[in-house]
Structures are given as structure tokens and as C-alpha cells.
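If you want the building blocks of each chain, they are given just below.
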Amino acid sequence: MLKDKVAIITGGTRGIGFEIARVFLENHAKVVIFGSKEESVNEALTSLREEGYDVDGYYPNLNEFNQVSQVVNEIHQKYGKIDILVNNAGISANKKIDDTTVEDFQKIMDINVNAMFYMTKAVVPLMKEAHHGVILNTSSMVSIYGQPSGVGYPTSKFAVNGMTKSLARELGTFNIRVNAVAPGVTNTDMVASLPKEMIEPLIKTIPLGRVGEPRDVANAFLFLASPLASYVTGEILSVDGAARS
Ligand code: NAD
């Protein structure tokens, strides 16, 4: 479904982003993953290459616009185009507001929101020039309902939805589609790091009776990246087993 499309995936070294990379590669895209550290990028590349895929990786500081822009331009020069950007890198939070420091709040906004803006800002001129592009953002079900602790996380994901819907309206005229996927509780390191008391009550509210697997979420990204979604833009697609909490 993505033959010869060039895709950049941030947070591609593990969890949901790694599975998006794998599903895009299965569908014949050319994939470039970004991660926060050289070691984790190399580990992910080795693992995908062992599966027989030709894949590339970088580890720019996503909070430095100049670095981001330089790496994006390098990739554009190397591949001749960038068709798909997946803004997936993210961190979560679970502290109550009294325990949340100003630095905690800034950190989460830096990666979940500011980095998404920097990546998008670097890629948009290239997509405009090509009069074609797909930008996909990882939101969360908490972007719809909030959550009872870790206020920075839902705050950042509400911002992701705002960026998605606004840029869909701004960039439609350049044939650039912008959508988000809002996963529910998904079986990754991010969820493994949360306390049981937080996760178990959540699972009880899921009508499909299980947490999502990274593949469940990656398939939604595949759909939105593909020509099957050619008239879909500005959408926040929930992939949460109908969890509502
Ligand atoms: P994960 O912790 O397994 O992976 C996070 C990825 O983000 C890693 O590849 C990591 O390298 C990257 N990353 C984190 N901080 C970074 C930084 N400062 N600079 C560059 N890269 C950084 O988490 P995941 O569960 O796969 O989460 C991926 C996305 O899905 C996130 O945006 C998260 O908010 C969202 N999400 C996850 C769940 C869930 O239940 N797992 C639910 C809803 C939304």
C-alpha cells in the first residue's frame, strides 16, 4: 500500500513507533526511524534489518529546531522526497499536580508538542513544494477524556489534536493530509512503566476486554498513510477497543 513512499517515524525505536515502521516496511515504504539515542536507534535498525528490511535511522535532538531541520533536509536530499511524517515520539506522566514540577510539565510539552511542531515545520515546505504529503500524529484516548492524574500528558495530547485539526485545514490546499491516531491502553514499555493501580481499572472499562497491541495501532497508521484514506484529513481516529474513561 505504500510502495516507494518515503516515511520518517519519530519514536521509531520501540513500542508503537517500531511497529509502525515494521508495518510500513511490510507495505514497501522506505522508512527512516528517529530515536532519542544512538544505541536504541542502532538496536532497532539491527532488528529490522535481521527481518530483511532496508531501513535507515537518525537521532536528532527533537527539541532543537535547527538540528531537526538539518536532518530532515539531509533525508530529503538522500531520498529525493518525504511523503509521510509520523510524529509519534512521546512520554507520559502520572503524578498528581502537587507533585508535578514546572520542569516535569515543560518536559512533557517539549517532546509531545514542541518537537511535533518542529518536525512538522521542517517537513511542510518540502511537502508543499511536492504538492503532496501525509502527516500523522500520535494522540491518545486521554485527548478526549483527560485523566485523573498526570495532567501534562492529556494537556499535551489535546494540543496534538488541535495541531492536527488546524494544520489539516491550513494544508489541505497543498494536498497535504493531516490526521492523528488516538490509541487506548497499548501493550508497550510506556504502559509497563505505569502503576498497576492506574492500569487495571482502565482495562475493566474496555469493551473489547483487552489492551491494544502495537500492531492494532500501527494498522490504523497504515490506513491513514495509504491512498485508502485519500479523502480523510483532520481526523482523530480512536483505536481503543471503545474504552471510555
Ligand atoms: P514507548 O515508551 O515504548 O516509546 C516511545 C518512543 O518515543 C521511543 O521510541 C523513544 O525513543 C521516543 N522518545 C521518547 N522521548 C524522546 C525524546 N526526548 N526524544 C526523541 N524521542 C523520544 O511508548 P509508546 O507506548 O510506543 O508510545 C508512542 C506514542 O504513543 C507516544 O506518543 C504515546 O504518548 C502514545 N500513546 C501510547 C499509549 C500506550 O498505551 N502505550 C496510549 C496512547 C498513546
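In this text, all values refer to a predicted model and were calculated from it rather than measured experimentally.

As for the packing of aromatic side chains
Here is step 1 of the chain: Tallying each qualifying case throughout the model produces three aromatic pairs.
Here is step 2 of the chain: Taking the centre distance of 6.1 Å and the plane angle of 65° together, the rings of Phe65 and Tyr118 count as edge-to-face. Within this pair, whereas Phe65 is found in helix H3 (residues 65–79), its partner Tyr118 is found in helix H4 (residues 102–130), the two being separated by 53 residues in sequence.
Here is step 3 of the chain: A network of ring pairs unites the aromatic residues Phe65, Phe117 and Tyr118 as a single cluster.

A few points about unusual backbone geometry
Here is step 1 of the chain: Positive phi values are uncommon outside glycine, yet Asp4 reaches one of about 65°.
Here is step 2 of the chain: As for its placement among the helices and strands, Asp4 is situated in the segment before strand E1 (6–9).
Here is step 3 of the chain: Within the chain, His131 stands out as a residue other than glycine whose phi angle is a positive 50°.
Here is step 4 of the chain: Positionally, His131 belongs in the loop between H4 and strand E5 (133–138).

Notes on the pairing of E1
Here is step 1 of the chain: Going residue by residue along E1, you find Val6 and Ile8 tucked away on one face and Ala7 and Ile9 tucked away on the opposite face as well.
Here is step 2 of the chain: Taken together, the four bridges between E1 and strand E2 (residues 30–34) define a ladder with parallel strand orientation. What sits directly across from Ala7, in E2, is Val31.
Here is step 3 of the chain: Regarding the hand of the β-α-β motif, the stretch spanning E1, helix H1 (residues 15–26) and E2 is right-handed.
Here is step 4 of the chain: The sheet contact formed by E1 and strand E4 (residues 84–87) spans three bridges and is parallel. Paired with Ile9 across the strands is Val86, a residue of E4.

With respect to the sheet that holds strand E6 (residues 176–183)
Here is step 1 of the chain: Strands sit in the order E3-E2-E1-E4-E5-E6-E7 across an open sheet of seven strands; the sheet is parallel. Among the strands making up the open sheet, the edge pair consists of strand E3 (55–58) and strand E7 (236–239). The average undirected angle you get between the axes of adjacent strands in this sheet is 20°.
Here is step 2 of the chain: Pairing analysis gives four bridges linking E4 to E5, with the strands arranged parallel. Bridge assignment links Asn87 to a residue of E5, and that residue is Asn137.
Here is step 3 of the chain: Its contacts with the sheet place H4 against E1, E2, E4, E5 and E6, and it is angled at close to 170° to E4.
Here is step 4 of the chain: Against the sheet, helix H9 (residues 214–225) makes contact with E4, E5, E6 and E7, and its axis sits at roughly 165° relative to E6, the strand it touches most.

Conventions and cut-offs
- Residues numbered from 1 in each chain as written.
- Predicted model: local features only at pLDDT ≥ 70, side-chain atom pairs only at ≥ 80, totals over all residues.
- Heavy atoms only, no water.
- Phe/Tyr/Trp six-rings, centres within 6.5 Å; stacked < 30°, edge-to-face > 60°.
- Helix = DSSP H or I, 4+ residues; strand = E, 2+ residues; numbered from the N terminus.
- Buried < 20%, exposed > 50% of the residue type's maximum accessible area, 1.4 Å probe, protein only.
- Pairing = 2+ DSSP bridges.
- Right-handed = clockwise from strand over helix to strand, strands pointing away.
- Axes fitted to C-alpha atoms, helices over the stretch in contact; angles between N-to-C directions.
- Contact = heavy atoms within 4.5 Å.

The values are spatial; any link to function lies outside them.
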